[in-house]
Amino acid sequence: MISPDLPDIIKKTENSLRISEAEALMLFRDADLLMLGQMAQKTMTKFHASGRATFQIDRNINYTNICESRCRFCAFYREKTDHDAYLLNEEEIFQKVREAVSLGATQIMLQGGLHPDLDMEYFEGVVKKIKAHFDVFVHSFSPPRNISSGKACRVVRKGCAAPFKKGRA
Ligand code: SF4
């Protein structure tokens, strides 16, 4: 049931009055989503007259679901031999970057399973090609992934990150 207090809460936000946590929760639960978006937009322009908002369009590309970590809670990972295991090839990755950039993305996140055959050279090559063809920030790779691919290429851990730092990946 929609709270009868909703109109008063909406009025408060229109008048730039602080609302309580309970009222915010009521808005979240009961207000129409589009109306909530419009209210948020109005509030944002009160604080940022230039219309500048601090968000960015980003795409998360899961390049593989093959993972040697096998975390017990994870429903995403697959063994290499599983029928639905996959590893995107470079062109498939670039196509996803292309789609994202055409929709205004300024950032790409490459994230995937800890594939035992993908080494640092592989990731360095992919990131370099993305940076060469697209004007995007590449925000990627977790510490476990770096340790895993560092093992695969048998390089000293400390040196693993150097090529990515240069590309701000
Ligand atoms: S490392 Fe990530 S992808 Fe791999 S099993 Fe764990 S949660 Fe899943």
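Residues numbered from 1 in each chain as written. Predicted model: local features only at pLDDT ≥ 70, side-chain atom pairs only at ≥ 80, totals over all residues.

### Things to note about the overall build of the protein
We apply this condition: Secondary structure elements are defined from DSSP: runs of H or I of at least 4 residues count as helices, runs of E of at least 2 residues count as strands, and each element is numbered from the N terminus. The exposure label follows from counting other C-beta atoms within 10 Å of a residue's C-beta, where the C-beta atoms are placed from the backbone and the thresholds are 20 or more for buried and 12 or fewer for exposed, leaving partly exposed in between. Here, residues touch in the contact sense if the C-beta positions derived from the backbone fall within 7 Å of one another.
Within the protein, the secondary structure is distributed over 8 helices and 3 strands. Secondary structure elements of the protein occur, N-terminal to C-terminal, as α-α-α-β-α-β-α-β-α-α-α. Here the protein holds 169 residues, and the buried ones make up 15% of them. For the protein, long-range pairs separated by at least 24 residues make up 71% of all intrachain contacts whose partners lie at least 6 apart in sequence.

### Some details on the pairing of strand β1 (residues 58-61)
Each regular strand displays side chains that alternate between the two surfaces of the sheet. The condition that has to hold: In this scheme, strands are said to pair when DSSP sees at least two bridges between them. Seen with its strands pointing away from the viewer, a crossover is right-handed if its path from the first strand over the helix to the second goes clockwise.
Taken together, the 4 bridges between β1 and strand β2 (residues 107-110) define a ladder with parallel strand orientation. The partner of N60 across the bridge, within β2, is M109. Handedness of the crossover is the feature at issue here: the chain leaves β1, passes through helix α4 (residues 90-102), returns alongside β2, and the resulting connection is right-handed.

### Quick notes on the confidence of the model for the protein
Counted only if it meets this: Confidence of the predictor at the level of single residues is given by pLDDT, which spans 0 to 100.
On average, residues of the protein score 84 in pLDDT, and 83% of them are at 70 or above. Averaged pLDDT values for the elements of the protein fall to 48 in helix α7 (residues 157-160) and rise to 96 in α4.

### So, the sheet that holds strand β3 (residues 137-138)
Which entries qualify depends on this criterion: Axis definition: a line fitted to C-alpha atoms, over the contacting stretch in the case of helices. Angles run 0 to 180 degrees between N-to-C directions.
The parallel open sheet is built from 3 strands, whose spatial order is β1-β2-β3. Each end of this open sheet is capped by a strand with a single partner; those strands are β1 and β3. As defined by bridge partners, β2 adjoins β3 across 2 bridges and the pair is classed as parallel. Its bridge partner lying in β3, Q107 is registered against F137. Against the sheet, α4 engages β1 and β2, with an angle of about 165 degrees to β1.

### A word on the nonpolar core
Keep this limit in mind: Core membership is restricted to buried Ala, Val, Leu, Ile, Met, Phe, Trp, Tyr and Cys residues, and these are joined into a nonpolar core through C-beta atoms within 7 Å.
Counting residues in each nonpolar core, the largest one holds 13 residues, and the members touching the most others are I108, L110, F123, V127, I130 and V138. Those elements giving two or more residues to this core turn out to be α4, β2 and α5 (120-133). It is α5 that provides the largest number of residues to this core, a total of 5 residues.

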